Amino acid sequence: MIEFKAVSKTYNGKVKALDNMNFSVKEGELVGFIGPNGSGKTTTIKLLSGVIVPDKGAITVNGFDVRKQPLKAKASIGYIPDNPDIFLRLKGIEFLNFIGDVYKVPADDRKKRIGELAQRFELTNALDSQTLSYSHGMRQKLMVIAALLHRPKVWILDEPMTGLDPKSAFELKQMMREHTAQGNSVFFSTHVLEVAEKLCDKVIIIKKGHKLYDGTLAELEKKNKDKNLEDIFLELTGKQ
């Protein structure tokens, strides 16, 4: 459902954030994307979501070329950025209805979907308030609801647990499992290795724009006996 082929991205003509990156995410896969700060995780996710474009290489999501078919590609994903920047003067429900209009979600389905998601994230009572009054965690919940409102097949999430309370983080992880169980895919970055270890079908580890590992946790642990993911990660990324 995601194909990343020989993708490179350089900023200001000097800083190479990604260098000839290749990976794929198949139907039904829940993939964790991990690496140190500055390794290229957010750049990769912004490229996948069409926020920025690569210098070279090809990216496809759900069969759509992100550069050649940007609207179709974006319409097929649910994207949660690493910072919950929203229109603070809008009420929560106004923001969600705006997103529903953008993705052309029918009124009846929209109302039902908002109700279900708001209940799962305990945000129902806050939807009639301006998002200016929301805490960081509440804004993050609203961003999650907005990203999933149009029932996208592919979820692309950048540090989605940041700011969420334990119950909401648990709900999101459950939803990620439910989503992939239905034959869809989830690609998410995280700094919390325990989350990746418990949740993912496979992990992709990168450092300074280069892929260090791409495969299942079982394969990784088999190659590194008697070591947990944290120990393996620190060795791979060169931190003793």
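The shown structure was predicted, so the numbers you read here are calculated from the model rather than taken from an experiment. Residues take numbers from 1 onward in each chain, read along the sequence in its written order. Per-residue local features of the predicted model are confined to residues with pLDDT of at least 70, and side-chain atom pairs are confined, for both listing and counting, to 80 or more; whole-chain, interface and lining totals are unaffected and use all residues. To get the side-chain values, take all heavy atoms of the structure and skip hydrogens and water.

## Concerning the overall build of the protein
Consideration 1: Numbering of helices and strands runs from the N terminus; a helix is a DSSP stretch of H or I covering at least four residues, while a strand is a stretch of E covering at least two. Check the secondary structure of the protein and you find 9 helices and 10 strands.
Consideration 2: With C-alpha atoms as the basis for the radius of gyration, the globule rule is written as 2.2 Å multiplied by the number of residues raised to the power 0.38. Against the compact-globule benchmark of 18 Å for 240 residues, the protein has a radius of gyration of 18 Å, which places it among compact chains.
Consideration 3: Dimensions of the protein along its principal axes, counting C-alpha atoms only, are 50 × 40 × 35 Å.
Consideration 4: Sorting the 240 residues of the protein into buried and exposed places 50% on the buried side.
Consideration 5: By definition, residues are in contact when any of their heavy atoms lie within 4.5 Å. In the protein, the proportion of contacts linking residues at least 24 apart, taken out of those at least 6 apart, comes to 67%. Burial classes follow relative accessibility: with a 1.4 Å probe on protein chains only, a residue under 20% of its type's maximum area counts as buried, one over 50% as exposed, and anything between as partly exposed.

## A word on helix H3 (residues 92-102)
Consideration 1: Here H3 has its buried residues at Gly 92, Phe 95, Leu 96, Ile 99 and Gly 100. Projection of H3 onto a plane perpendicular to its axis shows the buried side chains occupying an angular sector of 140 degrees, all on one side.
Consideration 2: Lining the buried residues of H3 we find helix H4 (107-120) and helix H5 (136-148).
Consideration 3: Of the residues one or two after H3, Lys 104 is the one with positive phi, at around 55 degrees. This arc is taken over the directions from the axis of the helix to the C-beta atoms.

## Regarding the side chain of Thr 180
Consideration 1: One can find Thr 180 in helix H6 (residues 166-181).
Consideration 2: Leave out the neighbours within four places in its chain, and Thr 180 touches Gly 28, Glu 29, Leu 30, Ser 185 and Val 186.

## Description of the nonpolar core
Consideration 1: What we call a nonpolar core is a set of buried Ala, Val, Leu, Ile, Met, Phe, Trp, Tyr and Cys residues that are connected through their side-chain atoms within 4.5 Å. Counting 46 residues, the largest nonpolar core has Phe 95, Leu 96, Leu 127, Leu 142, Met 176, Phe 188 and Val 203 as the members making the most contacts within it.
Consideration 2: At 7 residues, the largest contribution of residues to this core is made by H5.
Consideration 3: For every domain, the bounds stem from an assignment made automatically or drawn from a database. Counting contributing residues, this core receives three or more from each of domain 1 (2-76 + 153-237) and domain 2 (86-151).
Consideration 4: Setting aside chain neighbours within four positions, we find Phe 188 in contact with Leu 30, Val 31, Gly 32, Phe 33, Leu 157, Pro 160, Met 176, Val 195, Leu 199 and Cys 200.
Consideration 5: The next biggest cluster of nonpolar side chains, apart from the first, holds 24 residues, and it includes Val 31, Ile 59, Val 66 and Val 154.

## What about the sheet that holds strand E5 (residues 64-65)?
Strand pairing within a sheet occurs via backbone hydrogen bonds; the two strands may be parallel or antiparallel.
Consideration 1: At least two DSSP bridges between two strands are needed for those strands to be called paired. Spatial strand order, E2-E1-E4-E5: 4 strands in an open sheet with antiparallel pairing. Across the chains shown, the open sheet's two edge strands, defined by having one partner strand only, are strand E2 (15-25) and E5.
Consideration 2: Taken together, the 2 bridges between strand E4 (residues 56-61) and E5 define a ladder with antiparallel strand orientation. Its bridge partner being in E5, Val 61 is matched across the sheet by Phe 64.
Consideration 3: Contacts from helix H1 (residues 41-48) reach strand E1 (2-11), E2 and E4 within the one sheet, and its direction differs from that of E1 by about 120 degrees. Between N-to-C directions, angles span 0 to 180 degrees; the directions come from axes that are lines fitted to C-alpha atoms, helices contributing only their stretch in contact.

## Concerning the pattern of salt bridges
Consideration 1: By convention in these notes, a salt bridge is any Lys or Arg side-chain nitrogen within 4 Å of a carboxyl oxygen on Asp or Glu. A complete count under the given rule lists 12 salt bridges for this structure.
Consideration 2: One salt bridge connects Glu 122 with Lys 167, and the closest N-O pair in it is separated by 3.7 Å. Here the residue Glu 122 occupies a position in the loop between H4 and H5, and Lys 167 occupies one in helix H6, the gap between them amounting to 45 residues.
Consideration 3: Take Glu 122: its relative accessible area is 53%, and that puts it in the exposed class.
Consideration 4: A salt bridge links Lys 227 to Glu 235, with the shortest nitrogen-to-oxygen separation between them at 2.9 Å.
Consideration 5: In this structure Lys 227 comes out as partly exposed when scored by relative accessible area, which is 31%.
Consideration 6: What emerges from the salt-bridge pattern is a single network uniting Arg 120, Glu 122, Lys 167, Glu 171 and Glu 178.

## Looking at the domain arrangement of the protein
Consideration 1: In terms of domain boundaries, the protein breaks down into domain 1 (2-76 + 153-237) and domain 2 (86-151).
Consideration 2: Taking the mean C-alpha position of each, domain 1 and domain 2 sit 25 Å from one another.
Consideration 3: Contacts between the two partners involve 17 residues from domain 1 and, on the opposite side, 13 residues from domain 2.
Consideration 4: Note on terms: buried area is the combined drop in 1.4 Å-probe accessible area of two parts once they are placed together, counting the loss on both. Contact between domain 1 and domain 2 buries roughly 1,200 Å² in total, counting both sides, with carbon and sulfur atoms accounting for 57%.
Consideration 5: Taken as a group, Leu 164, Glu 171 and Met 175 account for 30% of the area that domain 1 buries against domain 2, more than any other trio of residues on that side.
Consideration 6: Residue assignment for the side of domain 1 that touches domain 2 shows that the elements contributing at least two residues are helix H2 (70-75) and H6.

## Comments concerning the sheet that holds strand E9 (residues 202-207)
Consideration 1: One open sheet holds the 6 strands; their spatial order is E6-E7-E8-E3-E9-E10, and the pairing between them is mixed. Of all the strands in the sheet, just strand E6 (77-80) and strand E10 (210-216) have a single pairing partner and so form its edges. If you compare each strand with its neighbour and ignore which way they point, the axes differ by 15 degrees on average.
Consideration 2: Packed onto the sheet, H5 meets E6 and strand E7 (154-158) and runs at close to 165 degrees relative to E6.
Consideration 3: Packing against the sheet, H6 makes contact with strand E3 (30-34), E7 and strand E8 (185-189), and its axis sits at approximately 145 degrees to E8.

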